[in-house]
Amino acid sequence: MFTYLDPTIRRKLIAQGKLRRIDLHGKALDPNVSPAEGELAINLLGPIPLPIHLGHGRTNVQWYASVRSTELSKVEELAGALRTQGGGALFSLLASSMAVNSVLLAGDPTKYNNPLVRVHSSCLTGDVFGSERCECGPQLEGALERISQEPGGGLLVYMAGHEGRGIGLWAKAATYLLQDAGENTYQANRSLGLPDDSRDFTDAGALLHHFVGDKPMRLLTNNPKKVQDLAKMGLSYITPVKHVLGVGESNRRYLDAKRQWGHRLDEQDLT
Ligand SMILES: [Zn+2]
């Protein structure tokens, strides 16, 4: 049974403050009132204590799962219909289609003073399999290490639907085959009729507003577009902090394409 769909558990979590709803600007909304048509609202579940193992030791973070209210309510509606029609076997398909982002918090967010932040795009091959075709794995681990070592703490937002800069895992697999036939990472997207970068940072912006507020923050990134996208959401006090890790033989060409596309990478970063 899907306990998170159960209304009594939902009410209990709301009463405990462990299920919240926020708007685009990170402000709290009433979780018992359905958002208006077209209004972006994000449901947040947590904090959930998460001991994590990093390269050089262990640390404890607070995990929040985050999902758009509209997406969740559609899944809940369909799940209700399936329950009455005896289609329980399709629950897993429904749940797996939801983009559930994560926030990993280190330190006390009420005391944040220019915290160190990372907005990380999901990458199954890099983050989980340790693939060296990109530098996502070392960037993720390095970000968590740096954030956990910060005296004032910080946070990492893990964007679940950002595989292959937003084109999805299936298309990303196809782009790898095109890259092996000579195309660079951006050309390969275009050959498939897909945009260079279709990542949407709206949810990340709302989560940063919620946890950091309008205060300054330092963002671990080499990608100026990420900083611009967040600034458009009103997060204008962001100082980018270079985050070059995991450069190697298998990804030098990929990183060079990123550099030519506008990422803040110098020649010497790639040698
Ligand atoms: Zn990657």
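Each remark here, short or long, concerns the structure printed above.
Cut-offs used in this document
Residues numbered from 1 in each chain as written. Predicted model: local features only at pLDDT ≥ 70, side-chain atom pairs only at ≥ 80, totals over all residues. Heavy atoms only, no water. Salt bridge = Lys/Arg side-chain N within 4 Å of Asp/Glu carboxyl O. Helix = DSSP H or I, 4+ residues; strand = E, 2+ residues; numbered from the N terminus. Core = buried A, V, L, I, M, F, W, Y, C linked by side-chain atoms within 4.5 Å. Buried < 20%, exposed > 50% of the residue type's maximum accessible area, 1.4 Å probe, protein only. Contact = heavy atoms within 4.5 Å. Pairing = 2+ DSSP bridges. Donors = N, O, S within 2.8 Å, 3.2 Å for Na, K, Ca; no water.

Trainee: Hey, could you run me through the pattern of salt bridges in this one?
Mentor: Oppositely charged side chains can pair when the atoms bearing their charge come close. Under the criterion given, the structure shown has 16 salt bridges. Among the salt bridges present, the one from Asp 203 reaches Arg 68, with a minimum N-O distance of 2.5 Å. Remark: Arg 68 occurs in strand β4 (residues 57-68) and Asp 203 occurs in helix α9 (residues 202-212); sequence separation between them is 135 residues. Between Arg 190 and Asp 196 there is a salt bridge whose closest N-O contact spans 2.8 Å. Several salt bridges converge on common partners, so that one network encompasses Arg 68, Asp 200 and Asp 203.

Trainee: Would you take a moment to explain the nonpolar core for this structure?
Mentor: What tends to happen in soluble globular proteins is that the nonpolar side chains get buried as a cluster. Formed by 25 residues in total, the largest nonpolar core has its most connected members in Val 119, Leu 155, Val 157, Leu 208, Phe 211 and Leu 230. Of all the elements, α9 adds the most residues to this core, at 6 residues. Residue contacts for Val 157: discarding those within four places in its chain leaves Ser 102, Arg 118, Val 119, His 120, Ala 204, Leu 207 and Leu 208. Among the nonpolar cores identified, the runner-up in size contains 13 residues, and Ile 52, Ala 143, Leu 144 and Ile 147 belong to it.

Trainee: Honestly, the pairing of β4 in this entry has me stumped. Any pointers?
Mentor: When a strand is regular, its side chains alternate between the sheet's two faces. Relative to β4, strand β3 (residues 41-54) runs antiparallel, the two being bridged by 11 bridges. Across the sheet, the residue bridging to Leu 54 is Gly 57, located in β4. Here β3 folds back onto β4, and the loop between the two strands holds 2 residues. With 5 bridges joining them, β4 and strand β5 (residues 101-106) adopt antiparallel strand pairing. When the sheet's bridge partners are listed, Ala 65 is paired in β5 with Ser 102.

Trainee: Quick question: what am I supposed to make of the coordination of the zinc ion here?
Mentor: Geometry reference: four tetrahedral donors at a metal, ideal angle 109.5 degrees. Six octahedral donors, ideal angles 90 or 180 degrees. Coordination of the zinc ion by the protein comes from Cys 123 (SG), Cys 134 (SG) and Cys 136 (SG), over a distance range of 2.2 Å. Taken in sequence order, the residues that donate to the zinc ion follow the motif C-x10-C-x1-C. Of this pair, Cys 123 sits in the loop between β6 (116-121) and α4 (124-128) while Cys 134 sits in the loop between α4 and α5 (136-149), placing them 11 residues apart in sequence. For Cys 123, a relative accessible area of 5% gives the class buried.

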